[in-house]
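Geometric and topological summary
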Amino acid sequence: MAGVGFQRWVRTLSKGKISGISGLLPACRSGEILTYFPINIGEIAAAAKKYNIRVEDYKPIADNGEGYGDYPQLPDRSQQDRDPAYQWDHPDLRRNWNEPMHWDFDMFIRNRVDTSPTVVPWSTMCKQLFGFVGFMLFMFYLGDKFPAYQPVGPKQFPYNNLHLERGGSPDVEPEEVKNYEI
Amino acid sequence: MHPTTLMYTSSLLLMFAVLLYPLLVTFTSLPLNNDWASSHAKTAVKSAFLISLAPLSLFLSTGMEAMTSSWTWMVTTTLDITLSFKFDHYSIIFIPIALYVTWSILEFATWYMHSDPLMNRFFKYLLTFLVAMLILVSANNLFQLFIGWEGVGIMSFLLIGWWHGRADANTAALQAVLYNRVGDIGLILGMAWLATNVNSWDIQQMFILSKNLDMTLPLLGLILAATGKSAQFGLHPWLPAAMEGPTPVSALLHSSTMVVAGIFLLIRMSPLMENNQTALTLCLCLGALTTMFTATCALTQNDIKKIVAFSTSSQLGLMMVTIGLNQPQLAFLHICTHAFFKAMLFLCSGSVIHSLNDEQDIRKMGGLHHLAPFTSSCLTVGSLALTGTPFLAGFFSKDAIIEALNTSHVNAWALTLTLIATSFTAIYSLRVIFFVTMGTPRFLPLSPINENNPAVINPLKRLAWGSIFGGLLVMLNINLFKTPVLTMPAELKLAALAVSILGLLTALELATLTSKQFKVTPLRTPHHFSTSLGFVPAIIHRQIPQLSLLLGQKIASQMVDQTWLEKTGPKAIANATTPLASATSNMQQGLIKTYLTLFLMTLVLVTLISAT
């Protein structure tokens, strides 16, 4: 807030006189590059003309001290979203010459973020995907709790479970060990 | 040196030399003659294949394995790296198979890419990829494996984006590189852990020295690497997108060789994984999820190459499941048999695509059974081998895997998912065959469909022989390390066959419904889920890049200055001190008389109190 007031104060003080290297460039001297957030209708019209947009379409980015100046807020649509059949000046970029560029143009090129409409709404997609993954994780947890395996039992040795071979005394009656059931 | 050893190692190194020679020739500024691709590149691969048969036969008859350390690269006090090749049964069996498949694909590519002005460069890229893959497969230390690993990743990027004027191809190439890079984080993490804890990247040394260590962290890194390279669930979207590349690229890289590199890494490192139950369970569950998910996606695709790509992803999931079962050799067997029939499926697709004037949609094909009988027969044989038809190539590996799965102590849900995926395999294979070869043509009769060119037919023939007999040959000649469970109830033995037949019959029923439309089929949620590939590309490829790019832009252009100058710098000081100053000055009301009166009263009070 204080910044805006300060900017206006600077503007009124240095009307037409721009210091530094910006003063050397002809565009700067006429105020084309060094720009501020437009306030009155004259500045809005000048900014719209500069950026090659109609005055009705021109909407500056809100001034929160981030220094966007009078750069227009263009709709957040990617290049992939544009009509592939239209005769663009640059067909691969789907862009016409001297068209205003979105501030995040490099994000919206065809290799990167795509904002084309999806078949299903975003919330449905997220719910289905993360629901699927969550369901799978839960089922894997259950599958770990109740694993699948072939039934195995301890081996049934002959000769009374190898009583003598295991060092049992011949006088002692061996106990009956049966690991199976018929 | 014993003559057998000499012959063994020198024929393998000769094979490398034969493959490198055509590449080195291209580094001179002399122009290549027009048929360099077929006269040099293809011939080199054919010769390399024939040379590699000598060590293969030596290995099969004597069981000989070799390890060659040629040249010391770097030596530090704790780590030394040598140029070291390991020719054990994994690499000795895989190398001839890879060369055989590559030879067939290169011969096919001489026809497929004939109208491309940069065909020689294409073949150079394919040869470079092959050399990188062989380096990966025969590496005896992780550094050399990493060289091969990155090499195949870069060549994949260059080959997917072959038609770089097409934005979709560039996007797909970027996807491949980025997803592989995420996997590489895991590999580098594993390598770093091993270098710091075990002080070696040599495979033999690592196995011995890590006997008593807890290997969970490096194994997780290696599994992440395999997830990226072999397109497991989570890092899988790049594989179907990679179909933007020419069909020979899809056949070589994204079915037979490159995508199995991740599984191959885990097979090489399987002694480290044997005793780590966490890693094995993770492999099993991840593989089962991958195989089911990608098979589901394949069910509703209409692009023939995408169906085969998802089929590849599903089989890679099956290989991961096998590793999770602690059966690396069965996974390796499946890699070998899968190479034959998957490459053949891609070559058949390429033949069909070119014949129909670059039409890839199966809804616009049909009736090729009569118009291209050889191609459709090969397509059918390949699909049957894929589904595990008894005694074709896929049967020996796939059925062994399913049997091992059924008779092991295993996560029940993983078992269920794998069986479901096996039946889905039959469904989408029949879908491809039905739409491509059966019925009447759904395209204009303007393209001259013919099978006259031997450059198409001979590779298909060779791969068909491989798809039919390959499994049997490999199975007869190798010794299995782990005793397979041979006795099981009949239901378990026939489970794979039963689910495949079930899937086949279901698909036949659904396919016949396409010509008899009784009422409008409503679009249901599972159909959207399957067609949109589980919504994974839609969500992940929009959300994550948007967040990171926006944040990057904001940080770079605004937040740094705003933070240092406004939030923590001069403006912040001003904003902090102004309230203090105003509060202090507000406290100074200027009531001098009151202050003096209070001062006097305090003085009087103090004097009175001290006097008493």
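Cut-off values and rules
Residues numbered from 1 in each chain as written. Chains lettered and ligands numbered in written order. Predicted model: local features only at pLDDT ≥ 70, side-chain atom pairs only at ≥ 80, totals over all residues. Heavy atoms only, no water. UniProt positions renumbered as here; feature names shortened; annotations may be inferred. Contact = heavy atoms within 4.5 Å. Buried area = accessible area lost by both parts, 1.4 Å probe. Salt bridge = Lys/Arg side-chain N within 4 Å of Asp/Glu carboxyl O. Polar contact = N/O pair within 3.5 Å; in protein donor to acceptor, adjacent residues only side chain to side chain. Nonpolar A, V, L, I, M, F, W, Y, C, P; charged D, E, K, R; others polar. Helix = DSSP H or I, 4+ residues; strand = E, 2+ residues; numbered from the N terminus. Disulfide = S-S within 2.5 Å. Buried < 20%, exposed > 50% of the residue type's maximum accessible area, 1.4 Å probe, protein only. Expected span 1.5 Å × (residues − 1). Phe/Tyr/Trp six-rings, centres within 6.5 Å; stacked < 30°, edge-to-face > 60°. Lys NZ or Arg CZ within 6 Å of the ring centre and 35° of its normal.

The name given to chain B in an unreviewed UniProt entry is NADH-ubiquinone oxidoreductase chain 5, and the organism recorded there is Gadus morhua. Under the heading Catalytic activity (unreviewed entry), UniProt records this for chain B: "a ubiquinone + NADH + 5 H(+)(in) = a ubiquinol + NAD(+) + 4 H(+)(out)". Comment text from UniProt for chain B, heading Subcellular location (unreviewed entry), reads "Mitochondrion inner membrane".

Identification of chain A as NADH:ubiquinone oxidoreductase subunit B8 from Gadus morhua is taken from an unreviewed UniProt entry.

1. Some remarks on the interface of chain A and chain B
Listed per partner, the contact involves 37 residues of chain A and 45 residues of chain B. Contact between chain A and chain B buries roughly 3,500 Å² in total, counting both sides, with carbon and sulfur atoms accounting for 66%. Put simply, D114 of chain A and R542 of chain B hold a salt bridge, and the shortest N to O gap is 3.7 Å. Across the contact surface, chain A and chain B share eight residue pairs in polar contact (both at pLDDT 80 or more). Along the lines of polarity and charge, the residues of the side of chain A that touches chain B split into 20 nonpolar, 10 polar and seven charged.

2. Some points on the UniProt feature "domain: NADH-Ubiquinone oxidoreductase (complex I) chain 5 N-terminal" (unreviewed entry) in chain B
As annotated in UniProt, the feature "domain: NADH-Ubiquinone oxidoreductase (complex I) chain 5 N-terminal" (unreviewed entry) corresponds to residues 73–123 of chain B in the numbering used here. With 57% helix and 22% strand, residues 73–123 of chain B has its two end C-alpha atoms placed 30 Å apart.

3. Observations regarding the side chain of E244 of chain B
Residue and element names in this part refer to chain B. Within the secondary structure, E244 sits in the loop between α9 (238–241) and α10 (247–256). Here the side chain of E244 touches R166 through a polar contact of 2.8 Å, side chain to side chain. Setting aside residues no more than four positions away along its own chain, E244 makes contact with I160, W163, R166, D168, A169 and A172.

4. A short note on the state of the cysteines
Residues and elements named next belong to chain B. Evaluated as defined, the whole model comprises zero disulfides over all chains. Between C283, a cysteine without a disulfide, and C285, which holds the nearest cysteine sulfur, the sulfur-to-sulfur distance is 9.6 Å. Accessibility expressed as a relative area gives 0% for C283, which makes it buried. With a relative accessible area of 13%, C285 lands in the buried category.

5. Some remarks on the UniProt feature "domain: NADH:quinone oxidoreductase/Mrp antiporter transmembrane" (unreviewed entry) in chain B
According to UniProt, the positions carrying the feature "domain: NADH:quinone oxidoreductase/Mrp antiporter transmembrane" (unreviewed entry) are residues 139–423 of chain B. The span residues 139–423 of chain B is 75% helix and 0% strand, and its two end C-alpha atoms sit 37 Å from each other.

6. Description of helix α13 (residues 277–298) of chain B
Residue and element names in this part refer to chain B. Taking 1.5 Å per residue, 22 residues should reach 32 Å; α13 reaches 31 Å between its end C-alpha atoms and fits that length. The buried fraction of α13 amounts to 18 of the 22 residues, a majority that puts the element mostly inside the structure. Two to three positions downstream of the cap, the backbone nitrogen of T278 sits 3.2 Å from a side-chain oxygen, assigning the N-cap of α13 to N276.

7. Digging into the packing of aromatic side chains
Within this structure, the stated rule accounts for 32 aromatic pairs over all chains. Judged by centre distance (5.8 Å) and plane angle (80°), the ring pair of F529 of chain B and F535 of chain B falls under edge-to-face. On the basis of relative accessibility, which here comes to 11%, the residue F529 of chain B falls in the buried class. An aromatic cluster is built from F132 of chain A together with F233, F293, F529 and F535 of chain B, whose rings are joined through pairwise contacts. Of note, R95 of chain A hangs over the ring of F105 of chain A, and the distance from its end group to the ring centre comes to 6.0 Å.

8. Structural notes on the pattern of salt bridges
With the rule as written, the count across this model stands at 17 salt bridges over all chains. Across the pair E99 of chain A and R82 of chain A runs a salt bridge, and its minimum N-O distance is 2.6 Å. With E99 of chain A in the loop between α3 (41–50) and α4 (122–145) and R82 of chain A in the loop between α3 and α4, the pair connects residues that are 17 residues apart, well separated along the chain. On the basis of relative accessible area, E99 of chain A is assigned to the buried category, the value being 19%. A salt bridge links R363 of chain B to D361 of chain B; the nearest nitrogen and oxygen atoms lie 2.9 Å apart. Relative accessible area serves as the criterion here: at 45%, R363 of chain B is assigned to the partly exposed category.

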